[in-house]
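Structural description and commentary
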Amino acid sequence: MPKGGQQHRRPDLQATTTQENPGHAAEEPLLRRCLAAADATFDDVVKLTCFVTDTAHMPAIREARTALIPDDRLPAASAVQVVSLVRPQCLMEVEAFGVVAQ
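What counts and what doesn't
Residues numbered from 1 in each chain as written. Predicted model: local features only at pLDDT ≥ 70, side-chain atom pairs only at ≥ 80, totals over all residues. Heavy atoms only, no water. Helix = DSSP H or I, 4+ residues; strand = E, 2+ residues; numbered from the N terminus. Buried < 20%, exposed > 50% of the residue type's maximum accessible area, 1.4 Å probe, protein only. Contact = heavy atoms within 4.5 Å. Salt bridge = Lys/Arg side-chain N within 4 Å of Asp/Glu carboxyl O. Pairing = 2+ DSSP bridges. Right-handed = clockwise from strand over helix to strand, strands pointing away. Polar contact = N/O pair within 3.5 Å; in protein donor to acceptor, adjacent residues only side chain to side chain. pLDDT = per-residue confidence, 0-100. Arc of directions from axis to C-beta.

Points about the overall build of the protein chain
- The number of helices and strands found in the protein chain is two helices and four strands.
- Counting from the amino terminus, the protein chain carries its helices and strands in the arrangement β-α-β-α-β-β.
- For the protein chain, with 102 residues in total, the buried portion stands at 34%.
- Across the protein chain, the fraction of contacts at a sequence separation of at least 24, relative to all contacts at a separation of at least 6, is 74%.

Take a look at the structure:
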């Protein structure tokens, strides 16, 4: 179950601004809804990729990830620094891949 990238958004689906914490759990409800649409949960995620505009935000991103997925179940993960995302006000985009039984 590939899940396309998701830009960091608040629960109202508005993109977060550069003033907001990039590791904020606002990403969690959107990712959880996308996974649920495929009858999946964070337990089914096998690969996460974070596209970030500034690697200085990585500690906050790791903290948010650990709050969602326990250390003993962390999937493979990559972080890629990019010059910009499609919406310039966005600081990060997350891509998640999961495996679910059919």
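Anyway, onward from the coordinates.
Observations regarding the pattern of salt bridges
- Scanning all chains against the criterion turns up one salt bridge.
- Taking the shortest distance from any N to any O, the salt bridge between D43 and R73 comes out at 2.4 Å. Placement of the pair is D43 in the loop between α1 (27-37) and β2 (45-52) and R73 in the loop between α2 (58-68) and β3 (76-81), with a sequence separation of 30 residues.
- The class of D43 is exposed, set by a relative accessible area of 53%.

Description of the pairing of β3
- Of the strand pairs in this sheet, β2 and β3 are connected by six bridges, and their pairing is parallel. Of the residues in β3, the one forming a bridge with C50 is A79.
- Remark: the β2/α2/β3 crossover connection has right-handed handedness.

Things to note about the side chain of T49
- With respect to the helices and strands, T49 occurs in strand β2.
- Since its relative accessible area comes to 8%, T49 is described here as buried.
- In this structure the side chain of T49 is engaged in a polar contact, spanning 3.0 Å, whose partner is the side chain of K47.
- The residues touching T49, leaving out its near neighbours within four places in the chain, are S78, V80, E93, V94 and E95.

A closer look at the environment of V83
- Here V83 lies in the loop between β3 and β4 (92-98).
- Given the relative accessible area of 83%, V83 is considered exposed.
- Distance in space between the C-alpha atoms of V83 and F51 is 9.7 Å, their sequence separation being 32 residues.

Considering the confidence of the model for the protein chain
- A residue-level look at the protein chain finds 73% of positions with pLDDT of 70 or above and a mean pLDDT of 77.
- Within the protein chain, β3 carries the highest mean pLDDT (95), whereas strand β1 (residues 2-7) carries the lowest (43).
- Of the regions scoring below 50 in pLDDT, residues 1-7 engages in 32 contacts with residues more than four places distant in sequence or in other chains.

Topic: unusual backbone geometry
- Phi is positive for D39, which is not a glycine, with a value near 55 degrees.
- With respect to the helices, strands and loops of the structure, D39 is situated in the loop between α1 and β2.

What about α2?
- Turning to α2, its buried residues are M58, I61 and A64. In a view along the axis of α2, the buried residues occupy a sector of 125 degrees, so they form one face of it. Turned more than 90 degrees off the buried face of α2, the exposed positions are P59, E63 and A67.
- Lining the buried residues of α2 we find β2, β3 and β4.

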